[in-house]
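Structural features, examined
Here's the letter readout for the chains.
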Amino acid sequence: MTTSLVCHTHAIAPSRVIRGEQAWKRGLSAIADLCQRPALLGRSPATQAIRAGLKADLIANDLSVEEVQLNFDCCEDDLIRLEASLKATACDSVIAAGGGKVLDAGKLLAYRLKVPCITVPLSAATCAGWTALANIYSPDGAFVSDVALDACPDLLIFDHGLVRQAPTQTLSSGIADALAKWYEASVGSGSSTDGMIQQAVQMARVLRDQLLIDALDAIARPESEAWVRVAEACGLTAGVIGGLGGAQCRTVAAHAVHNGLTQLPSCHGKLHGEKVGFGILVQLRLEERLGGNQLAAQSRRQLLPLLKELALPVSLQDLGLGETGLHDLRAICSFACRPGSDLHHLPFEVTETDLLEALVSTDADSRPINTSLETEA
């Protein structure tokens, strides 16, 4: 018997990953092997002092550094401007140091300039430092599209000391974003017969279990081993899952809801993972109401107290949208339900009205239940 195989392409991991305490110092020689005139990309004034230290270290290692900054989130206006600037200054690599949008912009710039990419996450809020993907936003912060790149970064430096300096809420946000790997992949790809996708989905389940066990301890004790496990789960392991599963290991409604929420300026102050975590609850509500899945209802009640303890939004009110008019709520739903949206990877049809009803009822019937890991098959 012959089997017809479909050819898939995977960008699974950075060429080299250096992680742990003092990873930045240990990675300087690896950076020098890749370039001589790097562009150091950042954005946030809150991380300016850290970037100044990174620049000094690079110069001390005989590298000529061109420091550049984003004016917005990762958007075409900045990318076009910076691409021209880096060409003019003959930069031979991009070192992106910051949060997810800075890392995405750095990957896109390096990809377009065909130079090495080095990512230095300054929080564990996303796995953007790992992946061969980037999200593009408008200048005012609305999601526009995602871009698949040919390869993951050439070097990822995950320095625990640098990441530990980030606000606690960035780690909470990263926990929500990483949890979505399971809740989305298990629905969008759980029935796949592809062995690598099956393995990626099961990795997502192990990741979820680790986070359910360690999340609160990690937040409470940033010097603990639990913090290391959780920070690396969010910043590294979540990226492994996406790389191993590839484009066929789907994001579903949680990220589609995030993308819809970004269309409202009133949501731009919330972190990526905060919106994704709310999106998980919306997805589970859809599975419960439209798919008749009582396990989804149980999962939602399991997650609610954890997300609350992590100070993550579980309702429109928590997102600052409690007084938002019907017109704006429908705009969220319209964008999330547009043709080609990841939301349509759900195994049932979802209308804009269905999504609106789920948006307003994420914390419905939120009685506490047994939160042991036995609640899901």
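Here's a quick rundown of the structure.

The rules behind each value
Residues numbered from 1 in each chain as written. Predicted model: local features only at pLDDT ≥ 70, side-chain atom pairs only at ≥ 80, totals over all residues. Heavy atoms only, no water. Axes fitted to C-alpha atoms, helices over the stretch in contact; angles between N-to-C directions. Helix = DSSP H or I, 4+ residues; strand = E, 2+ residues; numbered from the N terminus. Parallel < 35°, antiparallel > 145°, perpendicular 65-115°, else oblique. Left-handed = near helix turned anticlockwise from the far one by under 90°. Contact = heavy atoms within 4.5 Å. Nonpolar A, V, L, I, M, F, W, Y, C, P; charged D, E, K, R; others polar. Phe/Tyr/Trp six-rings, centres within 6.5 Å; stacked < 30°, edge-to-face > 60°. Buried < 20%, exposed > 50% of the residue type's maximum accessible area, 1.4 Å probe, protein only. Lys NZ or Arg CZ within 6 Å of the ring centre and 35° of its normal. Expected span 1.5 Å × (residues − 1). Polar contact = N/O pair within 3.5 Å; in protein donor to acceptor, adjacent residues only side chain to side chain. Salt bridge = Lys/Arg side-chain N within 4 Å of Asp/Glu carboxyl O. Core = buried A, V, L, I, M, F, W, Y, C linked by side-chain atoms within 4.5 Å.

This part is about the packing of helix H1 (residues 23–34) against helix H2 (residues 48–60). Taken N-terminus to C-terminus, the directions of H1 and H2 make an angle of 50°; their axes are 10 Å apart at the nearest point. Taken together, the axis directions place H1 and H2 in an arrangement best described as oblique. As for how H1 packs across H2, the hand of that crossing is right-handed. Contacts between H1 and H2 involve Trp 24, Lys 25, Leu 28 and Ile 31 from the first element and Leu 54, Asp 57 and Leu 58 from the second. Its residues assigned to classes, the contact of H1 with H2 comprises five nonpolar, no polar and two charged.

Taken as a whole and judged by the stated rule, the model has two aromatic pairs. Summarising the aromatic geometry, the rings of Tyr 137 and Phe 143 are spaced 6.0 Å apart at their centres and angled 85° between planes, so their arrangement reads as edge-to-face. In terms of burial, Tyr 137 and Phe 143 fall into one category: buried. With a centroid separation of 6.3 Å and an interplanar angle of 85°, the aromatic rings of Phe 143 and Phe 335 are classed as edge-to-face. One end of the pair, Phe 143, is in strand E7 (residues 143–148); the other, Phe 335, is in helix H12 (residues 326–336), with 192 residues separating them in the sequence. The same class applies to Phe 143 as to Phe 335, namely buried. Sitting over the face of the ring of Phe 335, Arg 338 holds its NZ or CZ atom 4.1 Å from the ring centroid.

Right, let's talk about unusual backbone geometry for a bit. One non-glycine residue, Gln 22, lies in positive phi territory at about 60°. Counting through the fold element by element, Gln 22 comes out in the loop between strand E1 (17–20) and H1. The phi dihedral of Lys 114 falls on the positive side, at around 60°, and the residue is not glycine. Along the chain, the position of Lys 114 falls in the loop between helix H4 (100–113) and strand E5 (117–121). Residue classification places Lys 114 among the exposed residues on the basis of a relative accessible area of 75%.

Our next topic: helix H11 (residues 294–309). Between its first and last C-alpha, H11 extends 24 Å over 16 residues, near the 22 Å set by a 1.5 Å rise per residue. Taken together, the buried positions of H11 are Ala 296, Ala 297, Ser 299, Arg 300, Arg 301, Gln 302, Leu 303, Leu 304, Leu 306 and Leu 307. Contact partners of the buried residues in H11: helix H6 (168–188), helix H7 (195–220) and helix H10 (272–290). One side-chain oxygen of the residue at the start of H11 lies 2.9 Å from the amide nitrogen of Leu 295, identifying that residue as Asn 293. Just past H11, the residue Ala 311 takes up positive phi, approximately 60°.

Next up on the list: the pattern of salt bridges. Where side chains of opposite charge bring their charged atoms close, a pairing between them can arise. For the coordinates displayed, the defined rule picks out 18 salt bridges. In this structure, Arg 19 engages Glu 232 in a salt bridge whose closest nitrogen and oxygen atoms are separated by 2.7 Å. In this pair, Arg 19 sits in strand E1 while Glu 232 sits in helix H8 (residues 225–245), placing the two residues 213 residues apart along the sequence. The partner of Arg 43 in a salt bridge is Asp 73, with the nearest N and O atoms 2.5 Å apart. Of this pair, Arg 43 sits in the loop between strand E2 (38–42) and H2 while Asp 73 sits in the loop between strand E3 (66–69) and helix H3 (76–88), and the two are 30 residues apart along the sequence. On the basis of relative accessible area, Arg 43 is assigned to the partly exposed category, the value being 32%.

Counting residues in hydrophobic clusters, the biggest one holds 47 residues, and the most contacted among them are Leu 171, Ile 175, Leu 179, Leu 211, Cys 234, Ile 280 and Leu 303. Counting only elements with at least two residues in this core, the list comes to strand E8 (155–159), H6, H7, H8, H10 and H11. Of all the elements, H8 adds the most residues to this core, at ten residues. When near neighbours in sequence (up to four residues on either side) are disregarded, Leu 303 contacts Leu 179, Tyr 183, Leu 212, Ile 280, Leu 281 and Leu 284. In this structure, Leu 286, Leu 321, Leu 329 and Ala 358 belong to the second largest nonpolar core, which totals 27 residues.

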